[in-house]
Amino acid sequence: MERQEIQIFLALADELHFGRTAERVGVSQSRVSQTIARVERRIGAKLFERSSRQVALTPIGEQLRDGIGPAQRRIEEEIAKATAAGRGITGILRIGFSGAFTGHLLHHVSEEFGRRHPGVDVRVRQIQISDPYGPLRAGELDFQVSELPVEEPDLAAGPVFVSQPRVLLMADSHPFARRPALTMEDLAEATLLTVAGAAPAHWLEYHFPRQTPSGRPIPQGQAITHWEDALSLVLAGKGVTPVAAAGEHYYSRPGLAFRPLTDAPRLQYAFVWPLDRETERLRAFVGAAVECVRGLGGPGRALPALWGPGGSARTGS
């Protein structure tokens with residue numbers, strides 16, 4: 001059997017519909033019929049039973065499908081590997097993320113990317129809020145997904161991966177928890193946790209401001225080095241902190257409350273990489289990620305689409 005004959009046979013064995021098979025393989029429906037008839041003549045037996053209502057494999061057709069199907073998939077995988085190697089898309093790709101929800105989405109993209117580029121070993125790890133660019137600059141990561149703004153002369157910010165409304169996280173005993181929504185001006189009446197370590201000043205001011213939009217001072221609380229510190233401090237009533245709206249899905253637990261910050265700008269999570277270390281692997285992954293997110297409804301809808309009906313997380317692609 002020639003390669004296209006195998007493709008058409010296996011597609012029809014899967015679809016059991018001549019029209020869908022033609023669309024899947026990219027040929028006419030008559031070409032599908034002619035190809036199957038030619039293969040049946042060569043084998044000397046019917047591979048499919050056809051009626052006006054359905055198409056079904058014969059026992060010999062099932063035997064052929066089970067015999068050549070795994071071999072065909074192996075051939076396609078090896079062709080994909082060779083193609084990727086020819087384009088330089090092989091090796092290890094190390095990706096960082098700053099929040100559980102971006103990590104979830106990156107793993108989802110990695111599954112699709114792995115099917116396209118099986119020669120690439122994708123490794124995803126979390127970065128700490130207190131040193132947002134340290135692992136990237138040290139060469140421990142190839143790129144990462146981080147909160148904008150990024151105003152670093154040695155780093156490039158790529159397309160937005162996830163866009164989220166901002167909410168305020170607090171203990172459910174906090175006075176703010178009795179309100180349906182809050183504004184940035186309300187932060188003058190709370191203690192705002194901040195971040196220790198090497199986070200840039202412009203980044204801190206954007207995410208953990210010292211003043212409200214009208215200039216009122218915002219009381220500053222304890223500085224955290226790990227995101228888990230923020231959860232425990234908030235539970236203990238030591239302060240409040242802004243988070244992405246998706247945080248309610250990933251971090252919700254007894255004792256915590258989330259309230260919308262109605263006038264806060266959305267949180268934008270973008271791809272970030274060193275200017276001097278852009279590779280074909282990186283570009284291929286970013287392209288696959290943008291395409292995947294677009295298929296889930298865009299950066300603002302990607303995470304809800306992943307959660308699936310009723311808010312349950314979908315782990316497959």
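The model shown is predicted, which means the values in this text are computed figures rather than measured ones.

Caption draft 1: Structural context of a nonpolar patch on the surface. Residues Met-1, Ile-43 and Ile-60 make up a contiguous nonpolar surface patch of roughly 240 Å² in combined accessible area. If you trace the backbone, Ile-43 turns up in helix α3 (residues 29-43).

Caption draft 2: The packing of helix α5 (residues 100-116) against helix α10 (residues 280-295), seen in detail. One can describe the packing of α5 onto α10 by two numbers: an axis separation of 9 Å at closest approach and a directional angle of 115 degrees. The handedness of the crossing between α5 and α10 is right-handed. Facing Leu-105, Leu-106, His-108, Val-109, Ser-110, Phe-113 and Arg-116 of α5, the residues of α10 in contact are Arg-281, Ala-284, Phe-285, Ala-288, Ala-289, Glu-291, Cys-292 and Val-293.

Caption draft 3: Quick peek at the packing of aromatic side chains. Under the defined criterion, the tally for this structure stands at nine aromatic pairs. Ring plane angle 55 degrees and centroid distance 5.2 Å describe the contact between Trp-227 and Tyr-251, whose orientation is recorded as tilted. Of this pair, Trp-227 sits in helix α8 (residues 227-235) while Tyr-251 sits in helix α9 (residues 247-251), placing them 24 residues apart in sequence. Here a set of aromatic residues connected by ring pairs shows up, and it is made of Phe-113, Phe-143, Phe-161, Phe-271 and Phe-285.

Caption draft 4: Just the packing of helix α1 (residues 3-15) against helix α2 (residues 18-25), in detail. Relative to each other, α1 and α2 sit at 135 degrees, their axes nearing to 9 Å. Judged by the angle between their axes, α1 and α2 are oblique. At the point where α1 passes α2, the crossing takes the right-handed sense. Packed against α1, whose contacting residues are Gln-7, Ile-8, Ala-11, Leu-12, Asp-14 and Glu-15, the element α2 presents Phe-18, Arg-20, Thr-21, Arg-24 and Val-25 at the interface. A per-class count over the contact of α1 with α2 returns five nonpolar, two polar and four charged.

Caption draft 5: Layout of the sheet that holds strand β3 (residues 91-97). Ordered in space as β4-β3-β5-β12-β6, the five strands form an open sheet in which the pairing is mixed. Two strands close off the open sheet at either side, each with one partner strand: β4 (120-126) and β6 (155-164). Shown here is a sheet whose adjacent strand axes are inclined to one another by a mean of 25 degrees, direction ignored. Across four bridges, strand β5 (residues 143-147) lies against strand β12 (residues 267-274) in antiparallel orientation. Note on β12: the bridge partner recorded for Gln-144 is Val-272. Packed onto the sheet, α5 meets β3, β4, β5, β6 and β12 and runs at close to 155 degrees relative to β3. Together, β3, β4, β5, β6 and β12 form the strand contacts of α10, whose direction differs from that of β3 by roughly 55 degrees.

Caption draft 6: Summary view of the nonpolar core. The biggest cluster of nonpolar side chains holds 73 residues, and the ones touching the most others in it are Leu-106, Phe-161, Phe-271 and Phe-285. Top element by residues in this core is α10. It accounts for eight residues. Core analysis: the second largest hydrophobic core is formed by 17 residues, Leu-10, Phe-18, Leu-47 and Leu-57 among them.

Caption draft 7: Local environment of the pattern of salt bridges. Here the structure, examined in full by the defined rule, presents 21 salt bridges. Of the charged contacts in the structure, one is a salt bridge between Arg-24 and Glu-15, with a shortest N-O distance of 3.0 Å. Judged by its relative accessible area of 46%, Arg-24 is partly exposed. A salt bridge links Arg-116 to Glu-112; the nearest nitrogen and oxygen atoms lie 3.2 Å apart. Residue Arg-116 and its partner Glu-112 are both found in helix α5; the two are separated by four residues, about one turn of the helix.

Cut-off values and rules
- Residues numbered from 1 in each chain as written.
- Predicted model: local features only at pLDDT ≥ 70, side-chain atom pairs only at ≥ 80, totals over all residues.
- Heavy atoms only, no water.
- Patch = residues over 30% accessible without salt bridge, like charges linked within 9 Å, V, L, I, M, F, W, Y side chains within 5 Å.
- Areas by Shrake-Rupley, 256 points an atom, 1.4 Å probe, with all protein chains shown as cover.
- Salt bridge = Lys/Arg side-chain N within 4 Å of Asp/Glu carboxyl O.
- Helix = DSSP H or I, 4+ residues; strand = E, 2+ residues; numbered from the N terminus.
- Axes fitted to C-alpha atoms, helices over the stretch in contact; angles between N-to-C directions.
- Left-handed = near helix turned anticlockwise from the far one by under 90°.
- Contact = heavy atoms within 4.5 Å.
- Phe/Tyr/Trp six-rings, centres within 6.5 Å; stacked < 30°, edge-to-face > 60°.
- Parallel < 35°, antiparallel > 145°, perpendicular 65-115°, else oblique.
- Nonpolar A, V, L, I, M, F, W, Y, C, P; charged D, E, K, R; others polar.
- Pairing = 2+ DSSP bridges.
- Core = buried A, V, L, I, M, F, W, Y, C linked by side-chain atoms within 4.5 Å.
- Buried < 20%, exposed > 50% of the residue type's maximum accessible area, 1.4 Å probe, protein only.

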